[in-house]
Amino acid sequence: MKNTSKTLLLITRLILGAAAITFIIISIVTDKVTPYLAIGMGLTAITNIINCISEKQKKRFGCFGEPHAEEG
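In this report, we go over the structure that sits alongside the text. All figures in this text were calculated on a predicted structure; none of them were measured in a lab.

1. Some remarks on the overall build of the protein chain
Alright, step 1. If you tally the helices and strands in the protein chain, you get two helices and zero strands.
Alright, step 2. When burial is assessed residue by residue, the protein chain has 14% of its 72 residues classed as buried.
Alright, step 3. Across the protein chain, contacts joining residues at least 24 apart in sequence account for 46% of those joining residues at least 6 apart.
Alright, step 4. Here the protein chain displays about 6000 Å² of accessible surface, and carbon together with sulfur accounts for 68% of that area.

2. Topic: the packing of aromatic side chains
Alright, step 1. What the rule picks out here adds up to one aromatic pair.
Alright, step 2. Ring geometry for F23 versus Y36: centroids 6.4 Å apart, planes at 25 degrees, classification stacked. Of this pair, F23 sits in helix 1 (residues 2-30) while Y36 sits in helix 2 (residues 34-57), and the two are 13 residues apart along the sequence.
Alright, step 3. For F23, a relative accessible area of 26% corresponds to the partly exposed category.
Alright, step 4. The partly exposed category is assigned to Y36, whose relative accessible area is 28%.

3. Describing the nonpolar core
Side chains that are nonpolar tend, in soluble globular proteins, to be buried together.
Alright, step 1. Core analysis: the largest hydrophobic core is formed by five residues, namely L9, L16, A20, L43 and I50.
Alright, step 2. Going through the elements one at a time, helix 1 and helix 2 are the ones with two or more residues in this core.
Alright, step 3. Per element, the largest residue contribution to this core is three residues, and it comes from helix 1.
Alright, step 4. With residues up to four places along the chain from it excluded, the contact list for L16 reads L43, I46, T47 and I50.

4. A word on unusual backbone geometry
Alright, step 1. At D31, a residue that is not glycine, the phi angle is positive and equals roughly 60 degrees.
Alright, step 2. In this structure, D31 sits in the loop between helix 1 and helix 2.
Alright, step 3. A residue is classified by how much of its surface remains accessible, and D31, at 67% relative accessible area, is exposed.

5. What to know about the side chain of T47
Alright, step 1. Of note, T47 is situated in helix 2.
Alright, step 2. When sequence neighbours within four positions are dropped, the list of residues in contact with T47 reads R13, L16 and G17.

6. Looking at the side chain of S27
Alright, step 1. Positionally, S27 belongs in helix 1.
Alright, step 2. For S27, a relative accessible area of 6% puts it in the buried group.
Alright, step 3. In this structure, S27 is in contact with K32, V33, Y36 and L37, ignoring residues within four places of it in sequence.

So, how was this worked out
Residues numbered from 1 in each chain as written. Predicted model: local features only at pLDDT ≥ 70, side-chain atom pairs only at ≥ 80, totals over all residues. Heavy atoms only, no water. Helix = DSSP H or I, 4+ residues; strand = E, 2+ residues; numbered from the N terminus. Buried < 20%, exposed > 50% of the residue type's maximum accessible area, 1.4 Å probe, protein only. Contact = heavy atoms within 4.5 Å. Areas by Shrake-Rupley, 256 points an atom, 1.4 Å probe, with all protein chains shown as cover. Phe/Tyr/Trp six-rings, centres within 6.5 Å; stacked < 30°, edge-to-face > 60°. Core = buried A, V, L, I, M, F, W, Y, C linked by side-chain atoms within 4.5 Å.

Next comes the structure, spelled out in structure tokens:
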């Protein structure tokens, strides 16, 4: 179950990130800021929130996935 949750968060982040980049590029190409840039920035914010949630789950590990030294 734990790996399923991590995989689901990863796939969700990748899909939302790709959609956000696509909307931002569409905004640049079509030279229309109003709908596309707002949607792209909103998806970027949602992706960052999901990233923060998944980072809280990794909080006990160090930068390279190594456990922190026990205090005491």
